Amino acid sequence: MIDVCLLGTGGMMPLPYRSLTSLMLRYNGSSLLVDCGEATQISVRRRGWSFNPIDVILITHFHADHISGLPGMLLAMGNADRTEPVTIVGPKGIEHVVRSLLVIAPRLPFEVKCIELDIEKDEEVLELIGLRVKAFKVNHNMLCYGYSFELDRAGKFDAEAAKSLGLPVKFWSHLQAGETIEFEGKSYTGDMVMGPARKGLKITYTTDTRPTDKIVEEATGADLFICEGMYGDNDAESISKAREKKHMTMQEAAEIAAKAEPGEMWLTHYSPSMIKPEQYEEGIQAIYPKAYVSKDRRTTTLKFEE
């Protein structure tokens with residue numbers, strides 16, 4: 001299972017009642033953070049989660065509301081007695097940006113490693129904290145990435161197949177783990193005793209972008225799709241602003257969800273001028289019934305289907 005918390009839902013600047021957009025995933029004892037604007041660590045504390053297990057931080061792009069909280073977060077992690085290395089992934093230039101920010105946090109008790117995404121590729125796949133993570137380019141006014149997170153699920157173990165092959169029980173767990181075993185001069189692999197792969201888990205996260213076909217593709221099959229909805233009104237002025245600043249209206253985000261049909265869509269990254277984003281929920285649910293206007297620290301646990 002994967003725990004998911006949308007730590008903040010604000011764009012541009014933190015407000016007294018709305019933290020900046022950031023996402024935290026917990027899986028198998030590790031945590032992964034996506035984006036880290038000012039005061040992100042306060043929202044982690046309010047949620048009651050720990051800084052210590054954050055092994056990976058993904059950055060979508062270099063606008064301040066998505067990265068300027070990084071020194072404070074790393075210091076908070078150090079104060080939580082973390083000593084293991086932390087990996088930071090982001091667009092081309094991430095190492096230079098991180099090292100510049102760490103001028104004000106020079107004595108961390110752990111190593112900071114940086115992985116720079118290949119600017120020549122439209123998408124890139126990494127294995128992080130046991131999840132398959134796909135970074136894919138979106139359409140903002142600077143280089144920006146969305147991220148999909150996938151957890152595969154193997155098929156069911158077929159005991160009868162193992163018995164028919166004459167394999168002793170002591171080998172079964174090794175085959176289930178994907179190992180190849182040797183027995184009586186023959187090699188046996190997991191696919192010989194495992195059923196077809198079952199549905200896994202998928203989360204897709206995008207912010208600061210215009211609608212693209214790639215976002216529809218990535219959100220298709222997602223259990224949870226988290227997408228920006230910078231503007232709530234769908235009038236000509238709001239649409240013009242969204243196009244000019246390379247953001248989305250809530251209605252545009254809901255239209256993506258209607259094409260992709262994820263299990264749920266959560267909206268995030270609201271304009272500071274939007275006082276009550278929830279007033280637009282009924283309208284977006286008319287477009288996609290499983291779309292929700294999120295509040296800070298909205299949390300869910302994704303589990304495999306029985």
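Provided above is the structure to which this section pertains.
Just so you know, the residues in each chain are numbered from 1, in the order the chain's sequence is written. Totals for whole chains, interfaces and linings use all residues, but because this is a predicted model, local features are given only for residues with pLDDT of at least 70 and pairs of side-chain atoms are given and counted only at 80 or more. Hydrogens and water are ignored here; the side-chain numbers use all heavy atoms of the structure.

Draft legend 1. A look at the nonpolar core. If you look at the biggest cluster of nonpolar residues, it comprises 29 residues, and the most contacted ones within it are V4, L58 and F149. Helix numbers and strand numbers start at the N terminus; a helix is a DSSP run of H or I with at least 4 residues, a strand a run of E with at least 2. For this core, the element with the most residues is strand β9 (residues 145–153), which contributes four residues. Those residues in contact with V4, other than ones at most four positions away along the chain, are L23, M24, L25, W49, I203, L224, I226, W266, R298, T299, T300 and L302. To qualify as a nonpolar core, a set must consist of buried Ala, Val, Leu, Ile, Met, Phe, Trp, Tyr and Cys residues joined through side-chain atoms within 4.5 Å. For every residue, the accessible area (1.4 Å probe, protein chains only) is compared with the maximum for its type, and the residue is labelled buried under 20%, exposed over 50%, or partly exposed between those bounds. Counting residues in each nonpolar core, the second largest holds 28 residues, with I54, I59, L70 and C114 among its members. Contacts between residues were defined by any pair of non-hydrogen atoms, one from each residue, lying within 4.5 Å.

Draft legend 2. Quick peek at the side chain of H269. With respect to the secondary-structure elements, H269 resides in the loop between β14 (264–268) and α10 (281–287). Take H269: its relative accessible area is 1%, and that puts it in the buried class. Side chain to side chain, H269 and D208 meet in a polar contact 2.9 Å long. Polar contacts, as counted here, are pairs of nitrogen or oxygen atoms within 3.5 Å of one another; within protein the pair requires one atom able to donate a hydrogen and one able to accept it, and residues that are adjacent in sequence qualify only if both atoms are side-chain atoms.

Draft legend 3. Spotlight on the pairing of strand β1 (residues 2–8). The buried fraction of β1 is high, at seven of seven residues. Pairing between two strands is assigned when DSSP locates at least 2 bridges connecting them. Relative to strand β16 (residues 298–302), β1 is paired through five bridges, and the arrangement is antiparallel. Bridge assignment links V4 to a residue of β16, and that residue is T300.

Draft legend 4. Local environment of the sheet that holds strand β3 (residues 30–34). Judged by pairing direction, the sheet is mixed, and its seven strands sit side by side in the order β6-β5-β4-β3-β2-β1-β16 without closing on themselves. Every other strand in the sheet has two partners, leaving β6 (112–116) and β16 as the edge strands with one partner each. For this sheet, the mean angle separating the axes of adjacent strands, direction not counted, is 20°. Two strands pair when backbone bridges link them, and β1 and strand β2 (residues 22–27) are joined in this way by five bridges, in the antiparallel orientation. Counted as the bridge partner of C5 is M24 from β2. Lines fitted to C-alpha atoms define the axes, with helix axes restricted to the stretch in contact, and inter-axis angles between N-to-C directions lie between 0 and 180 degrees. Against the sheet, helix α1 (residues 40–47) contacts β1, β2, β3 and β16, and its axis sits at roughly 130° relative to β1.

Draft legend 5. Highlighting the environment of K290. Within the fold, K290 resides in the loop between α10 and β15 (291–293). Take K290: its relative accessible area is 44%, and that puts it in the partly exposed class. Expressed as a C-alpha distance, the spacing of K290 and A257, which sit 33 residues apart in the sequence, is 8.6 Å. What K290 contacts, discounting residues up to four positions off in sequence, is P262, G263, E264 and M265.

Draft legend 6. Examining the pairing of strand β5 (residues 86–90) more closely. With five of its five residues buried, β5 lies for the most part within the structure. In this sheet, β5 lies alongside strand β4 (residues 54–58) in parallel orientation, the contact comprising three bridges. When the sheet's bridge partners are listed, L58 is paired in β5 with V89. When β5 meets β6, the two strands line up parallel, connected through five bridges. Paired with V89 across the bridge in β6 is I115. Following the backbone out of β5, through helix α4 (residues 94–101) and into the adjacent parallel β6, one traces a crossover that is right-handed. If the strands point away from the viewer and the path from the first strand over the helix to the second runs clockwise, then the crossover is right-handed.

Just geometry here; none of it tells us what the structure is for.
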